[in-house]
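Here is what each chain is made of, one letter per residue.
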Amino acid sequence: MNKILFVLLSLLISLQSYSQEQNEKEVSFLLLGDIHYDLLEDHDMEWLSTKPDDLRQVTKEYSVFTKNTWPEFSRIISGQVQKHQPSIKAVLQMGDLSEGLAGSPQKAIQMANSAFKAVNKMNLKVPFIMTKGNHDITGPGAKEAFEKVYLPNMARLAGHPSLQSANYTTTLDDVLFVCYDPWDRNPEGLQQLEKSLAGSKATYKFVMLHEPVIPVNERCWHVFRQDNAKREQLLQIIASQQAIVLCAHLHLYSVVCRDTPWGPIVQILVNSVIKDKNMLVPKNVVADYGPEFVTAHPQWQPSTLQQRMEWIDKETPHIRFFKQMDLPGYGILSIDKENNKMQLEYYAAFGEKPYDTVNISELLTSN
């Protein structure tokens with residue numbers, strides 16, 4: 001009997017050891033885009049009433065979405081962190097955690113605290129790594145609230161002793177995340193980004209920023225779009241280090257692969273503003289990259305139409321893979337270190353199964 005118990009115990013220890021080894025070889029990260037967490041009591045409504053379109057968005061959209069969908073959506077995120085295999089090592093949020101536009105310094109502090117209270121309530125038990133979004137610093141007192149409330153909370157949630165700016169790095173399980181703030185006025189920002197990427201021995205590298213690097217819709221919002229030299233430098237820094245771009249801002253789901261002289265760049269764009277929990281399929285999928293998706297929306301800023309068409313026309317020859325759709329949700333990026341494979345699963349709204357799966361490794365290696 002003792003021999004049988006010994007054999008069973010040895011087998012159990014071996015299985016546990018094997019399971020731990022497999023977990024180390026395979027890891028996942030959960031991707032969140034814009035959230036725009038918004039409570040009406042966090043706004044100076046008198047100030048907001050002077051901005052009709054923002055007032056409409058706050059009262060008819062973001063505060064409503066926060067009330068109706070955030071509680072359940074946040075529970076879904078927490079559940080994935082607890083149960084998903086390969087295990088989720090961190091949650092990555094690409095800016096616009098809050099709606100901003102609080103209207104006064106006091107309300108800006110209040111809004112920032114409300115947003116982090118919502119994050120704390122998820123009780124994730126893994127690092128929550130986030131980057132700065134434009135709404136996080138928009139409105140009276142917002143920039144000061146970012147310094148006073150955001151940075152200390154970002155440091156705490158990401159596992160840093162402190163942060164002096166939104167430019168910072170985190171390394172987990174041989175995976176490097178570099179949060180980049182393109183609004184930082186530091187003239188050496190790009191050099192710091194390059195140093196952070198090149199100085200890391202991590203096998204897998206990601207650049208997290210709010211605004212996309214590669215334009216993917218008719219608005220053509222992308223970093224350094226008015227500065228060709230800086231944009232070319234940014235592309236070189238990212239591609240030469242085989243880094244993957246994680247971004248948000250456009251309230252879309254998109255994956256694009258762009259060739260450069262230094263190698264391909266894969267960009268993953270996520271939107272986590274859940275308007276409708278039952279929105280499990282997109283109304284429209286754009287898979288053809290070209291000026292046509294700009295001309296398909298002539299009503300949006302017609303005065304800039306020609307410039308935007310020129311930007312897309314220049315990008316088009318370099319685009320190898322492209323998809324874009326209005327489909328809020330979240331992504332799970334899994335890395336199989338043993339086989340050097342990376343896969344993205346994208347979940348729509350409250351969907352229990354992935355709507356889309358993309359082989360990221362294939363995009364990085366195919367010609």
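Residues numbered from 1 in each chain as written. Predicted model: local features only at pLDDT ≥ 70, side-chain atom pairs only at ≥ 80, totals over all residues. Heavy atoms only, no water.

Asker: Whenever I open this one, the nonpolar core confuses me. Can you help?
Answerer: The tendency in soluble globular proteins is for nonpolar side chains to be buried as a group. Judged by nonpolar contacts, the single largest core of 74 residues is most densely connected at L92, I129, M154, F206 and I268. Non-local contacts of M154, meaning those with residues more than four positions away in its chain, are made with F116, M130, F146, L163, A166 and Y168. (Core = buried A, V, L, I, M, F, W, Y, C linked by side-chain atoms within 4.5 Å. Buried < 20%, exposed > 50% of the residue type's maximum accessible area, 1.4 Å probe, protein only. Contact = heavy atoms within 4.5 Å.)

Asker: What is the right way to read helix α5 (residues 142-158) from this model?
Answerer: Since one α-helical turn is 3.6 residues long, residues separated by three or four positions face the same way. Most pronounced at Y150, the bend in α5 amounts to some 35°, and the proline P152 follows within four residues. The secondary structure elements touched by the buried residues of α5 are α4 (105-121), β3 (128-130) and β4 (168-172). Phi for G159, located one or two positions after α5, is positive at around 85°. (Bend = angle between axes of the 7 residues up to and from the residue. Helix = DSSP H or I, 4+ residues; strand = E, 2+ residues; numbered from the N terminus.)

Asker: Honestly, the packing of helix α6 (residues 189-198) against helix α7 (residues 228-240) in this entry has me stumped. Any pointers?
Answerer: The axes of two packed helices give the description: the angle between them and the distance between them. Packing of α6 against α7 leaves a shortest axis separation of 10 Å and a crossing angle of 5°. Judged by the inter-axis angle, α6 sits roughly parallel to α7. Residues L190, Q191, L193, E194 and L197 of α6 touch α7, and the partners they reach there are K230, Q233, L234 and I237. Broken down by class, the residue content of the contact of α6 with α7 amounts to five nonpolar, two polar and two charged. (Axes fitted to C-alpha atoms, helices over the stretch in contact; angles between N-to-C directions. Parallel < 35°, antiparallel > 145°, perpendicular 65-115°, else oblique. Nonpolar A, V, L, I, M, F, W, Y, C, P; charged D, E, K, R; others polar.)

Asker: Would you take a moment to explain the layout of surface pockets for this structure?
Answerer: Computed from the structure, the largest pocket encloses a volume of approximately 990 Å³. As for the largest pocket, its lining consists of 37 residues, of which N217, R219, L250, H251 and L252 are closest to the centre. Of all the secondary-structure elements, those providing two or more residues to the lining of the largest pocket are α3 (52-83), α8 (292-295) and β11 (319-325). Ranked by the residues each element gives to the lining of the largest pocket, the list is headed by α3, at seven residues. Looking at the lining of the largest pocket, its residues break down into twelve nonpolar, 13 polar and twelve charged. Taken as a whole, the second largest pocket spans an internal volume of roughly 540 Å³. What lines the second largest pocket is a set of 23 residues, among which D181, P182, W183, D184 and R185 lie closest to the centre. Of all elements in the fold, only α5, α6 and α7 reach the threshold of two or more residues within the lining of the second largest pocket. (1 Å grid on protein atoms, 1.4 Å probe; cavity = no way out; pocket = protein on both sides within 12 Å on 5 of 7 lines; lining within 4 Å. Points joined across faces, edges and corners; volume = space filled by probe spheres on them.)

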